[in-house]
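Single-letter residue listing:
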Amino acid sequence: MALEHAILVSLSERAGSGYELTRRFEKSIGLFWSATHQQIYRVLKRMEEAGWVAVDVVAQSGRPDKKVYTVSDGGRAELVRWLAEPDPNAGPVELAVKIRGATFGDPAKVAEEIVRHRAAHAERLDVYRQIEKRDFPAPAGLQGQHLHQYLVLRGGIRVEEGQVEWFDEVLAALHHPKDA
């Protein structure tokens, strides 16, 4: 995923200046996606050149004019395309941005992507559990190298369990949204 898609999601939620967008990233998307002020401004310029955002210049008294960015029709089309596009290599950050932006595209397509990723993580979890059962049937007595190998495997199991649980939570919410 490119920073452009995270910015399209954020600007779809609310128009804003580059400064406001930077502050939003720090408080929300930035919790899992890091982007500097300079990166955001460079990407906004590229997005404007690509026709994905429109810019409104707002005059300010005693300060430089402020550029307020909104998502253009071209940007909305790109966001819809990206949200629907399967990405077998997407990690948790990309999936989180897709989930956050689902309302601006086809939530069913985002759910399909989550189902695919859930299946891959569940399969990996099964493999890790088989390895644990086969190679470490009595973990309480492990020491040294074998203990260290076991601990790493347990870390992998915990990560995969967490991913599968999160995907289950997302799918339940997307298929059965709570009344607002």
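Note: the structure precedes this text.
Reading the values: rules and limits
Sequence order as written defines the numbering, with residues in each chain counted from 1. The predicted origin of the model limits local features to residues at a pLDDT of at least 70 and limits the giving and counting of side-chain atom pairs to 80 or more, whereas totals for whole chains, interfaces and linings rest on all residues. Excluded from the side-chain calculations are hydrogens and water; all other atoms, namely the structure's heavy atoms, are used. Numbering of helices and strands runs from the N terminus; a helix is a DSSP stretch of H or I covering at least four residues, while a strand is a stretch of E covering at least two. The buried label goes to any residue with under 20% of its type's maximum accessible area, the exposed label to any with over 50%, and the partly exposed label to all in between, with areas taken from a 1.4 Å probe on protein chains only. Note on contacts: a residue pair qualifies if any of its non-hydrogen atoms lie within 4.5 Å across the two residues. Among buried residues, the Ala, Val, Leu, Ile, Met, Phe, Trp, Tyr and Cys ones that are joined through side-chain atoms within 4.5 Å form a nonpolar core. An automatic or database domain assignment supplies the start and end points of every domain. Whether two strands pair comes down to DSSP finding at least two bridges between them. By definition here, a salt bridge exists when the distance from a side-chain nitrogen of Lys or Arg to a carboxyl oxygen of Asp or Glu is within 4 Å.

Caption draft 1: Inspection of the environment of M47 at higher detail. Inspection of the secondary structure puts M47 in helix α3 (residues 37-50). Owing to a relative accessible area of 1%, M47 belongs among the buried residues under this scheme. Sequence separation between M47 and G74 is 27 residues, and the spatial gap between their C-alpha atoms is 9.8 Å. Apart from the residues within four sequence positions on either side, M47 is in contact with E4, I7, L8, W52 and V53.

Caption draft 2: Structural view of the nonpolar core. With 29 residues, the main nonpolar core has I7, L11 and F25 as its most contacted residues. Secondary structure elements with two or more residues in this core: α1 (3-13), α2 (18-27), α3, β2 (63-71), α4 (73-84), α5 (92-101), α6 (107-135) and α7 (144-175). Here this core takes six residues from α1, the largest share from any one element. Per-domain counts for this core show at least three residues from each of domain 1 (1-104) and domain 2 (107-175). Not counting chain neighbours up to four residues away, the residues in contact with I7 comprise L21, F25, I40, V43, L44 and M47. Within the second largest apolar cluster, six residues are counted, among which are F136, L142, L153 and I157.

Caption draft 3: Looking closely at the pairing of strand β1 (residues 53-60). Relative to β2, β1 runs antiparallel, the two sharing seven bridges. Within the sheet, the bridge partner assigned to V58 lies in β2 and is K66. Counted between consecutive antiparallel strands, the loop separating β1 from β2 contains two residues, among which G62 sits at a positive phi close to 75 degrees.

Caption draft 4: Highlighting the pattern of salt bridges. Summed over the entire model, instances satisfying the criterion amount to 14 salt bridges. Here R116 makes a salt bridge to E113, at a shortest N to O gap of 2.6 Å. Of this pair, R116 and E113 both sit in helix α6, three residues apart, roughly one helical turn. What makes E113 buried here is its relative accessible area of 2%. Via salt bridges that share partners, E78, R81 and E85 belong to a single interconnected network.

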